[in-house]
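Below are the chains, spelled out letter by letter.
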Amino acid sequence: MSPLSTLLIIVGLFLAGGVYSFSKQKMPRGVIVLLAVASAMCLLAGVLRIQGIWE
């Protein structure tokens with residue numbers, strides 16, 4: 001597991017926590033959706049790098 005994969009997964013989980021926090025604070029829906037998409041992209045990229053599909 002490369003350091004970049006680890007970093008991508010950590011950032012993705014951090015952003016997912018931000019989605020949860022922003023939804024609890026009733027932030028604008030556009031901000032929550034943008035954060036959710038960024039989180040999903042980071043997590044997917046980290047998992048794909050671990051699997052060796054995307055290098």
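Everything here concerns the structure above.
The structure displayed is predicted, hence computed values, not measured ones.

With respect to the overall build of the chain
Here is step 1 of the chain: In terms of regular secondary structure, the chain is built from two helices and zero strands.
Here is step 2 of the chain: If one aligns the C-alpha atoms of the chain with their principal axes, the spans along those axes are about 40 × 15 × 10 Å.
Here is step 3 of the chain: The burial tally for the chain puts 22% of its 55 residues in the buried class.
Here is step 4 of the chain: Total accessible area on the chain is roughly 4100 Å²; 74% of this is exposed by carbon and sulfur atoms.

Details of unusual backbone geometry
Here is step 1 of the chain: Its identity as a non-glycine residue notwithstanding, Lys26 has a phi of 60°, on the positive side.
Here is step 2 of the chain: Within the secondary structure, Lys26 sits in the loop between helix 1 (3-24) and helix 2 (29-51).
Here is step 3 of the chain: On the basis of relative accessible area, Lys26 is assigned to the exposed category, the value being 72%.

A few points about the nonpolar core
Here is step 1 of the chain: Grouped together as the largest cluster of nonpolar side chains are five residues: Leu15, Val19, Ile32, Leu35 and Cys42.
Here is step 2 of the chain: For this core, the secondary-structure elements that each account for two or more residues are helix 1 and helix 2.
Here is step 3 of the chain: Considering each element in turn, this core owes the most residues, three residues, to helix 2.
Here is step 4 of the chain: Look past the residues within four positions of Leu35 in its chain and what remains in contact with it is Leu15, Gly18, Val19 and Phe22.

Here's the deal with the packing of helix 1 against helix 2
Here is step 1 of the chain: Where helix 1 contacts helix 2, the two axes come as close as 8 Å, and the packing angle between them is 155°. One element, helix 1, and the other, helix 2, form an angle in the roughly antiparallel class. Every pair of crossing elements has a handedness; the one defined by helix 1 and helix 2 is left-handed.
Here is step 2 of the chain: For the contact of helix 1 with helix 2, the per-class residue count stands at 19 nonpolar, six polar and one charged.

Structural notes on the environment of Arg49
Here is step 1 of the chain: Along the chain, the position of Arg49 falls in helix 2.
Here is step 2 of the chain: By relative accessible area, which is 25% here, Arg49 ends up partly exposed.
Here is step 3 of the chain: C-alpha separation for the pair Arg49 and Leu35, spaced 14 residues apart in sequence, amounts to 21 Å.

About the cut-offs
Residues numbered from 1 in each chain as written. Predicted model: local features only at pLDDT ≥ 70, side-chain atom pairs only at ≥ 80, totals over all residues. Heavy atoms only, no water. Helix = DSSP H or I, 4+ residues; strand = E, 2+ residues; numbered from the N terminus. Buried < 20%, exposed > 50% of the residue type's maximum accessible area, 1.4 Å probe, protein only. Areas by Shrake-Rupley, 256 points an atom, 1.4 Å probe, with all protein chains shown as cover. Core = buried A, V, L, I, M, F, W, Y, C linked by side-chain atoms within 4.5 Å. Contact = heavy atoms within 4.5 Å. Axes fitted to C-alpha atoms, helices over the stretch in contact; angles between N-to-C directions. Parallel < 35°, antiparallel > 145°, perpendicular 65-115°, else oblique. Left-handed = near helix turned anticlockwise from the far one by under 90°. Nonpolar A, V, L, I, M, F, W, Y, C, P; charged D, E, K, R; others polar.

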